[in-house]
Amino acid sequence: MIHNLIKSNDEEVRCTCPRCGGTGYLPQYRHIENGICFKCRGARTVVYHQYGMTKQVIRTI
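Residues numbered from 1 in each chain as written. Predicted model: local features only at pLDDT ≥ 70, side-chain atom pairs only at ≥ 80, totals over all residues. Heavy atoms only, no water.

> Can you walk me through the environment of Val 46 in this structure?
Counting through the fold element by element, Val 46 comes out in strand 3 (residues 45-49). For Val 46, a relative accessible area of 8% translates into the label buried. Along the sequence, Val 46 and Gly 22 sit 24 residues apart, while their C-alpha atoms lie 9.2 Å from each other. Not counting the four nearest positions on each side in its chain, Val 46 is found in contact with Val 13, Arg 14, Cys 15, Thr 16, Cys 17, Pro 18, Lys 39 and Cys 40. (Helix = DSSP H or I, 4+ residues; strand = E, 2+ residues; numbered from the N terminus. Buried < 20%, exposed > 50% of the residue type's maximum accessible area, 1.4 Å probe, protein only. Contact = heavy atoms within 4.5 Å.)

So, in structure tokens, the structure goes:
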């Protein structure tokens, strides 16, 4: 599965966070920092630079 790839410019791609699924919150970790996702820091999206995006796409197919 490829996560919602949204091209913002030629150098970076903003995607739905693969760890929290775009919620910004992990209820099973609510006892640690109130469950905020550490990958996206609660922002619900992550930014991959083009070299990182290629790794992400290959890994999630």
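The rest of the description comes next.
> Teacher, can you tell me more about a nonpolar patch on the surface here?
A grouping of Tyr 29, Ile 32 and Phe 38 is seen on the molecular surface, where their side chains present a nonpolar patch of about 320 Å² in accessible area. Along the chain, Phe 38 turns up in the loop between strand 2 (12-16) and strand 3. (Patch = residues over 30% accessible without salt bridge, like charges linked within 9 Å, V, L, I, M, F, W, Y side chains within 5 Å. Areas by Shrake-Rupley, 256 points an atom, 1.4 Å probe, with all protein chains shown as cover. Salt bridge = Lys/Arg side-chain N within 4 Å of Asp/Glu carboxyl O.)

> How should the environment of Cys 40 be read in this particular structure?
Tracing the sequence through the fold places Cys 40 in the loop between strand 2 and strand 3. For the pair formed by Cys 40 and Gly 24, sequence separation is 16 residues and the distance between their alpha carbons is 6.8 Å. What Cys 40 contacts, discounting residues up to four positions off in sequence, is Cys 17, Cys 20, Gly 24, Thr 45 and Val 46.

> Explain the confidence of the model for the protein chain here, please?
Detailed reading of predicted coordinates is not advised where the pLDDT is low. When pLDDT is averaged across the protein chain, the result is 76; 64% of the residues are at 70 or more. Predicted confidence is poor over residues 57-61, with pLDDT under 50, and the contacts of this stretch with residues over four places away or in other chains come to 7 contacts. (pLDDT = per-residue confidence, 0-100.)

> I would appreciate a short explanation of the pairing of strand 3 in the present structure.
Along any regular strand the residues' side chains alternate between the sheet's two faces. By the alternation rule, side chains of strand 3 split into Val 46 and Tyr 48, which are all buried, and Thr 45, Val 47 and His 49, of which none is buried. Pairing of strand 2 with strand 3 involves 5 bridges; the strand directions are antiparallel. By the bridge assignment for strand 3, Cys 15 is matched with Val 46. (Pairing = 2+ DSSP bridges.)

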